[in-house]
Amino acid sequence: MAVDTPPEPAAALAGLDQLEQAPPQQARRHLGARIWAASWPKLLALVIALAFWELVYLSGFKHDVLAGPAATFSSLWDQLHHAQLWSALGTTLRRGVLGFALALVIGTVVGALVSRIRPLRAGTGSLITALQTLPSIVWVPFGIILFGTTTTTILFVIIMTAAPAIANGLISGTDYLPPLLLRAARTMGLRRLALYRHVILPATLPAYMGGLKQGWAFGWHGLIAGEIVVLILGQQSLGVLLSNDQDQSDFAAATAIIIVILIIGIVVDMLFNLVNNRIRSRRGVAQSNA
Amino acid sequence: MTTDPRVDETTATAAIQISDVSKTFGRGDTALLALDRISLSVAPGEFVCLIGASGCGKSTLLNLIAGLDTLTSGEISTGGRRVALMFQESALFPWLTAARNVEVPLQAAGVPRAERRQRVADLLDLVQLSAFADKRPHELSGGMRQRVALARSLAQDADVLLMDEPFGALDAMTRDLLHEVLEGIWRRRHLSIVFVTHEVREAVRLGDRVVLLSSRPGRVIGEFDVEFARPRGMDSPDTVGLAIKIKDRLREEIMRHGR
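Residues numbered from 1 in each chain as written. Chains lettered and ligands numbered in written order. Predicted model: local features only at pLDDT ≥ 70, side-chain atom pairs only at ≥ 80, totals over all residues.

## Side note on the overall build of chain A
Helix and strand counts for chain A stand at 11 helices and 0 strands. Sequence-ordered secondary structure for chain A, helices as α and strands as β, is α-α-α-α-α-α-α-α-α-α-α. A globule of 290 residues ought to have a C-alpha radius of gyration of about 19 Å, yet chain A, at 25 Å, is considerably larger. Counting only C-alpha atoms and orienting by the principal axes, one finds that chain A spans roughly 90 × 50 × 30 Å. (Helix = DSSP H or I, 4+ residues; strand = E, 2+ residues; numbered from the N terminus. Rg over C-alpha atoms; globule rule 2.2 N^0.38 Å.)

This is the structure:
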């Protein structure tokens, strides 16, 4: 057989192809400029919040306990110079990462099973959604009865709050697999494992990533709630510090810890958004602005 | 033409042999007869266009030939030939580049990596998209996506290409050019093509034969051999003349349902 040569309409086709390409996007701005563009609205919001707080403080509302931004940030500064905060932060993050990793495995396995087995999907799908609506704190007494005041209880709370979200992400991802893609895959002879690898996994990835992000947020709630209630002797954690500050009515110190918790939440959320936006832009789906 | 070792010699006279095929959807009172004893033979290297009004079961028939659905009665044989199916939407995987999309069937068939690279490059060259190998589907126009889909079908090493209104969503200029591309590839690769369309002139432009199907249930009610020379123009007097004849026949069929 002769070597395939391009058919005749080459020139016209090449012309059309060029015309149909979207005009070149404006050059990506410098990294510094992009970071500034993304962060100045957030900074502005922060300034407004601080100004409001300062005003409340100046008004003398609950002046015997309420501390202003200045005292709070000075407390935060002090705590940053003591090992206690860092060791507490280390413990909390270790628990968070370990608990999330376990939730990831459990949520993924459950989600994969439920989405593949039809009767299971019909039976348990709504149950998993119902689990998600439970406040994380309800798992604390449950965990203490089962495991006592131990790290296991805290990990249990993280898993019970994060795993349903992760499973749900995977399930909704498979629910919305485009039938046309599955048909195309079948005509290409993709079966079983190859079908999973080439079609089902990549197609469900955005929904799955959404589930992971939500799972982390829920798990983080559960973790801090658990730490405030489940006080384990000899172990510092963000929850324990917060609980101590509560006992001493130290508003500035407590607020400083809350700021630390908030910052970790924001940083992790940004990491998830970074990954999600990458996935979305590769597929031509609009990016979220968060 | 080379003989293909995959092809069973006893049935080699026809690339697709459809004998007395019926397809019923559902059961009992609500059962719908979609195809009623269709018989159709497509010769190796033949370009057959299927045309019909809505509800003639064109897509159903393609699904049956592709083995995506089971038939109620009758028999379809492709004599061991490989069959690829193309849709009106490209059905490309949005997370893969054009080149990686074309590579998927090769991966599924276990072709070694180095050979895959080469064949993907050749196929993209064939559909004139070498310059766009690294673009993702959303960065390509509709016509370009259909060319990637065509390359992906060819990567399945198919002898039979089933096309379900593949250019139905394209503008006229792009469609005309893709007719030329498809015709060129069909010739060079000695493909047997079944091309479903609702555009009569497109059928006359491309087909060696135009097969007319009735609606509800789908039956073959007419066959027209297109004998004038290729390449044909969509607007040439020959094309338009035959298209008018086919359209009249089609209109009769549609009016039958209005009574």
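## Side note on the overall build of chain B
Along its length, chain B carries 7 helices and 9 strands. In terms of overall size, chain B behaves like a compact globule, its C-alpha atoms giving a radius of gyration of 19 Å where 259 residues would be expected to give roughly 18 Å. Overall size of chain B, expressed as C-alpha extent along the three principal axes, is 60 × 40 × 35 Å. Buried positions account for 47% of the 259 residues belonging to chain B. Put simply, of all contacts in chain B between residues at least 6 apart along the chain, 73% involve residues at least 24 apart. (Buried ≥ 20, exposed ≤ 12 C-beta atoms within 10 Å, placed from the backbone. Contact = placed C-beta atoms within 7 Å.)

## Quick word on the domain arrangement of chain B
Residue and element names in this part refer to chain B. What the domain assignment lists for chain B is domain 1 (9-81 + 159-258) and domain 2 (92-158). Opposite the 11 residues of domain 1 that make contact, domain 2 presents 8 residues. Where the side of domain 1 that touches domain 2 is concerned, the elements lending two or more residues are β6 (160-164) and α5 (172-189). For the side of domain 1 that touches domain 2, the element with the most residues is α5, which contributes 4 residues. Classifying every residue of the side of domain 1 that touches domain 2 gives 9 nonpolar, 1 polar and 1 charged. (Domains from an automatic or database assignment. Nonpolar A, V, L, I, M, F, W, Y, C, P; charged D, E, K, R; others polar.)

## Here we look at the nonpolar core
In globular proteins that are soluble, nonpolar side chains generally tend to be buried together. All names here are of chain B. Formed by 89 residues in total, the largest nonpolar core has its most connected members in Ala151, Leu162, Val194 and Val210. Top contributing element to this core by residue count: helix α4 (residues 142-155), with 7 residues. Each of two domains, domain 1 (9-81 + 159-258) and domain 2 (92-158), supplies a minimum of three residues to this core. With sequence-adjacent residues up to four places away left out, Val210 is seen in contact with Cys49, Ile51, Ala203, Val204, Phe224, Val226 and Ile246. (Core = buried A, V, L, I, M, F, W, Y, C linked by C-beta atoms within 7 Å.)

## Here's the deal with the interface of chain B and chain A
Contacts between the two partners involve 31 residues from chain B, matched on the other side by 29 residues from chain A. When contributions to the side of chain B that touches chain A are tallied by element, the ones reaching two or more residues are β5 (83-86), α2 (98-108), α3 (113-126) and α5 of chain B. Of the residues forming the side of chain B that touches chain A, the biggest block, 7 residues, is contributed by α5 of chain B.

## Description of helix α7 (residues 151-175) of chain A
Residues spaced three or four apart along an α-helix point in a common direction, a consequence of the helix completing one turn every 3.6 residues. Compared with the 36 Å implied by 1.5 Å per residue over 25 residues, the 36 Å span of α7 of chain A between its first and last C-alpha is a close match. Within α7 of chain A, the axis deviates most sharply at Ala162 of chain A, by approximately 30°, and proline Pro164 of chain A lies no more than four positions further along. (Expected span 1.5 Å × (residues − 1). Bend = angle between axes of the 7 residues up to and from the residue.)

## Considering the sheet that holds β5 of chain B
Residues and elements named next belong to chain B. Overall, mixed pairing links the 6 strands, which are arranged β5-β6-β7-β3-β8-β9 in an open sheet. The open sheet has two free edges, formed respectively by β5 and β9 (220-225), since each of these has just one partner strand. Between one strand and the next, the sheet's axes are offset by a mean angle of 15°, whatever the strand orientation. Taken together, the 4 bridges between β5 and β6 define a ladder with parallel strand orientation. The partner of Val83 across the bridge, within β6, is Val160. (Pairing = 2+ DSSP bridges. Axes fitted to C-alpha atoms, helices over the stretch in contact; angles between N-to-C directions.)

## Comments concerning the packing of helix α3 (residues 69-80) of chain A against helix α11 (residues 251-283) of chain A
Residue and element names in this part refer to chain A. Two elements in contact, α3 and α11, have axes separated by 8 Å at closest approach and are oriented at 70°. Between α3 and α11, the interaxial angle falls into the category roughly perpendicular. For the pair α3 and α11, the contacting residues are Ala71, Thr72, Ser75, Leu76 and Gln79 in the first and Ala252, Ala253, Thr255, Ala256 and Ile259 in the second. (Parallel < 35°, antiparallel > 145°, perpendicular 65-115°, else oblique.)

## A word on unusual backbone geometry
For the bond from Arg230 of chain B to Pro231 of chain B, the omega torsion is -10°, close enough to zero to count as cis. One non-glycine residue, Arg192 of chain A, adopts positive backbone phi at about 40°. Along the chain, Arg192 of chain A falls in helix α9 (residues 192-229). The residue Ser249 of chain A is not glycine, and still its phi comes out positive at about 50°. Here Ser249 of chain A shows up in the loop between α10 (238-247) and α11.

## Structural notes on the sheet that holds strand β4 (residues 73-77) of chain B
Residues and elements named next belong to chain B. The sheet built from 3 strands is open, its strands ordered β2-β1-β4 with antiparallel pairing. The strands lining the two open edges of the sheet, one partner per strand, are β2 (32-42) and β4. The mean angle between the axes of side-by-side strands here comes to 20°, regardless of whether they run parallel or antiparallel. In this sheet, β4 lies alongside strand β1 (residues 16-25) in antiparallel orientation, the contact comprising 4 bridges. By the bridge assignment, Ile18 is partnered in β4 with Ile76.

## Describing the confidence of the model for chain B
Reading predicted coordinates in detail is not appropriate for stretches of low pLDDT. Residue and element names in this part refer to chain B. Taken over all residues, the pLDDT of chain B has a mean of 87, while the share at 70 or more is 94%. Of all secondary-structure elements in chain B, the lowest mean pLDDT belongs to helix α7 (residues 237-258), at 86, while strand β7 (residues 192-197) reaches the highest, 94. Two summary scores accompany this predicted model of the complex, namely pTM at 0.79 and ipTM at 0.81. (pLDDT = per-residue confidence, 0-100.)

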